[in-house]
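Spelled out from the first residue to the last, the chains are:
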Amino acid sequence: MHDFPTSARAVIIGGGIVGCATAYHLARLGWRDIVLLERHKLTSGSTFHAAGLVGQLRSNANITQLLGHSVALYATLEAETGLATGWKQNGGLRLACTPDRWTELQRQAATARSFGLEMHLLSPAEAKSLWPLMDITDVIGAAFLPSDGQANPSDITQSLARGARMAGARIIEDIAVTGITLTGNRATGVTTPQGAIACEAVIVCAGQWSRDLCAPIGVAVPLVSVQHQYIVTEAIPGVTPTLPTLRDPDRLTYYKEEVGGLVMGGYEPNPIPWAVEGIPQGFNFQLLNSDWDHFQPIMELAVGRVPALLTAGVKTLLNGPESFTPDGNFILGAAPECHGLFIGAGFNAFGIAAGGGAGKALAEWVAGNEPPYDLWPVDIRRFGRPHRDVAWVRTRTLEAYARHYAIAWPHEEYHSARPARRSPLYAVLRDAGACFGEKLGWERPNWFAAPGEIPADEPGFGRPNWFDAVAREHHATRNAVALFDQSSFAKFEMIGRDAEAALSYICANDIRVPPGKLVYTQMLNHRGGIECDLTIARLAPEHFYIVTGTGFATHDFDWITRHIPQGHDAHLIDVTSGFATLSLMGPRARAVLAAATTAPADLSDAAFPFAAARAIFIAGAPIRALRVSYVGELGWELHVPTEFTLTVYAALMAAGAPHGIVNAGYRAIDSLRLEKAYRAWGSDIGPDHTPLEAGLGWAVKDRKPLDFLGAEAIRAQRGQPLRKRLCGFTVDDPAITLIGRETIRHNGIPVGWLSSGGFGHTIGKPIGFGYLRAPSGTIDTYFTTPAFTLDVGSRTVACARQW
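A short tour of the structure in this document, coming up. Values in this document were obtained by computation on a predicted structure and should not be read as measured data. Numbering of residues starts from 1 in each chain and follows the order in which that chain's sequence is written. Since the coordinates come from a predicted model, pLDDT governs what is reported: local features require at least 70, and pairs of side-chain atoms require 80 or more to be given and counted, while whole-chain, interface and lining totals use all residues. As a rule here, side-chain values cover all heavy atoms of the structure and leave hydrogens and water aside.

We now examine the environment of L652. Each helix is a run of H or I in the DSSP string that is no shorter than four residues. Each strand is a run of E no shorter than two, and both are numbered from the N terminus. If you trace the backbone, L652 turns up in helix α15 (residues 645-656). The buried label goes to any residue with under 20% of its type's maximum accessible area, the exposed label to any with over 50%, and the partly exposed label to all in between, with areas taken from a 1.4 Å probe on protein chains only. The class of L652 is buried, set by a relative accessible area of 0%. In this structure, the C-alpha to C-alpha distance between L652 and T597, residues 55 residues apart in sequence, is 8.9 Å. If sequence neighbours within four positions are ignored, L652 has contacts with L483, L582, L584, V592, L593, A596, I618, L638 and I661. The contact definition used throughout considers only heavy atoms, calling two residues in contact when any of these lie within 4.5 Å.

Here it is in structure tokens:
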């Protein structure tokens, strides 16, 4: 080690598939002086014992695309490097053994078509022709994805490592990173027993070691280790090298061919955590003791599907710990706690499937200093305060593991590690019949049960059991008045003499308004994509109040702070816990608020117009009242100091009683906003969509001689034909259930998919939003004829474009 480096442009920690893929791609982007450090040998953590199945379809188009990048890379890697990868594109088969599972598969097939992924629905007999060893007595149907496959995890990682070296990266084994160096708020290097390495970027791809490596510098990586077992059999007659991979979710099992035998594993409903007290020193190329008692229920389920397992010899029951996350998605991106630190970890036992694409995305994120495309489902900034507690993370992660093969019901909620964050109104609303959902640890009322109704969701793909409850709340909001507890809103304050200048640069809309005004704005990336969608109230010349969605608290705080121009006196403070938010909405909202205010307050439209912010008092409480609405009716967001919340709620409900006030929840908000064509970040708008494409060009100041982040991209797009545009659709048949991802067709040709779906109770119709896409030409060609349909599961449903 006489030439051990003391500096590098990037240091990658971890020599598993993700670390090696990141080195491979970063080197091909032209980066030099890349050093990958592996504490033992390449693949010695969890890569060496991965099962190696490579599936692609996910519920998000971009994550499906990312997995497709893995497949594309694996198909050419061996020819490029000269090292075998074990890659076989033998296709993937998925079974359905219940009517609900078959409905799920049919909807997944529509999703696959939406995302451009080939997927065929098969009869049981057709499935058996592809996988002759299985018993299909209980099979209702199956799906086959011909582009799925399998790989040898160790071989493919070594091939990636060779490719990285060929492009100039340096890989050093048997060197443990003992710490990450911070200079101010930036990661500037790593420490090792051989000495320190200074660098521009630290990239942590250390698998289940990532959390403990990052914790000492205050960076949370919410993952825990869980035992995962599979058997490897001796050769079985009839198992051929071209046998597709098989997933049998109703029996919790998966299969792949290996040397004429089978690998069979599963996701048991009672997973066992590992390394609760920490990972043992020297845990390299090691496995855990086989736990046959724990695996026995999985084995029994598997034998029912593959009777040959009854007589097959078993080489080993492999028990290898893997890192899992609280929502079943991996963790990617720039750590929000500091600059210069990037994470790629927590792959939930599909690191081989994701590795090639995740390494590509992470390398491009490092090189471009922002995500290359919308990666929100795996973005590390999707986490929040509860995710800093390892015990909370472990509890939720074990539930996510146990649900790995469960049916993904629409609107399904997690049940573990709850309640965590509660509004002061939690008990009051619970007693009023609230059925709560959870987001970022917050308990939030989804809907309210009437007397005699049970406040609990019943899973299903058809009309949900809460349909009538939401209808009641919807109609009350449209026709009278409703009160929504939205205390979980993320709330920030920006202060400082340069606060206006900083926000003027970061915001797409013009926030140079006088105190007492409210501005709805997006914040854009350099491509013009929408990174944040929020409201800003100017309270004083150097004081702004920012309100954004619950789930975007970490993301939006990080985006704003990272883009405050250097040298500006502008400081962002998270005040979420300081204020509850009660949203009073409906045509009678003004009358209710007037009756509740305890100091003279002119609430007339002239004195308190839309997009105004005023200080008022209710029952002695100072209120920040914002005249804004996400439901399309007269209303106010009332931001209440937390200690006054119960008092203000009681005053509003008393004042509203003569007007028929009701409690209402988030499911009603979604129905109401769909009718009014209000967009939702994370589904309808995001980093891949510009305001012009989303129909929000009116909220962009690009026609003014002002510089702002993303201005160049917007000005280049303004006036040009659009290649995609967000549109709204309705279906006349009220029995149709839209949940999102349904394929949009024009004259029978797929042209997009729904980003949101729901039911409009005022119009009495299902509503969906979705982007029409024209890879060549413009979308204007779609508007000459109204021939639009939707693929809803196996059905083709007529729909009408409304905007």
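The strands that make up a sheet are held in pairs by hydrogen bonds between backbone atoms, and each pair lies either parallel or antiparallel. Ordered in space as β24-β25-β26-β23-β27, the five strands form an open sheet in which the pairing is antiparallel. Since the sheet does not close on itself, it has two edges, and those belong to β24 (518-524) and β27 (571-574), each with one partner. Averaged over neighbouring strand pairs, the angle between their axes works out to 30 degrees when direction is ignored. When strand β23 (residues 490-495) meets β27, the two strands line up antiparallel, connected through four bridges. Opposite F492, over in β27, you have D574 as the bridge partner. In this fold helix α13 (residues 553-562) packs onto β23, β24, β25 (530-540), β26 (543-548) and β27, with an angle of close to 75 degrees to the strand it touches most, β25. Strands were regarded as paired on the criterion that DSSP finds at least two bridges between them. All axes here are fitted lines through C-alpha atoms, helices being fitted over the stretch that makes contact, and every angle between N-to-C directions spans 0 to 180 degrees.

One open sheet holds the six strands; their spatial order is β29-β30-β31-β28-β22-β32, and the pairing between them is mixed. Of all strands in the sheet, those with a lone pairing partner are β29 (613-618) and β32 (662-664), marking the two edges. On average, adjacent strands in this sheet sit at an angle of 30 degrees to one another, irrespective of strand direction. Strand direction decides the pairing type here: strand β22 (residues 482-485) and strand β28 (residues 579-585), joined by four bridges, are antiparallel. Opposite A482, over in β28, you have M585 as the bridge partner. Together, β28, β29 and β31 (635-641) form the strand contacts of helix α14 (residues 589-596), whose direction differs from that of β31 by roughly 30 degrees.

What follows concerns the side chain of S210. In this structure, S210 sits in helix α6 (residues 210-214). For S210, a relative accessible area of 0% gives the class buried. With near-sequence residues (within four places) excluded, S210 lies in contact with V204, C205, V221, L223 and A345.

Bringing the pairing of strand β4 (residues 92-96) into the picture now. On any regular strand, side chains alternate: one points to one face of the sheet, the next to the other face. Most of β4 is tucked away, with four of its five residues classed as buried. In terms of strand pairing, β4 meets strand β6 (residues 141-145) through five bridges, oriented antiparallel. Across the sheet, the residue bridging to L95 is A142, located in β6. Note: β4 against strand β13 (residues 245-248), three bridges, orientation parallel. Looking at the pairing, R94 lines up with R247 of β13.

Keep in mind that these numbers describe shape and distance, not what the molecule does.
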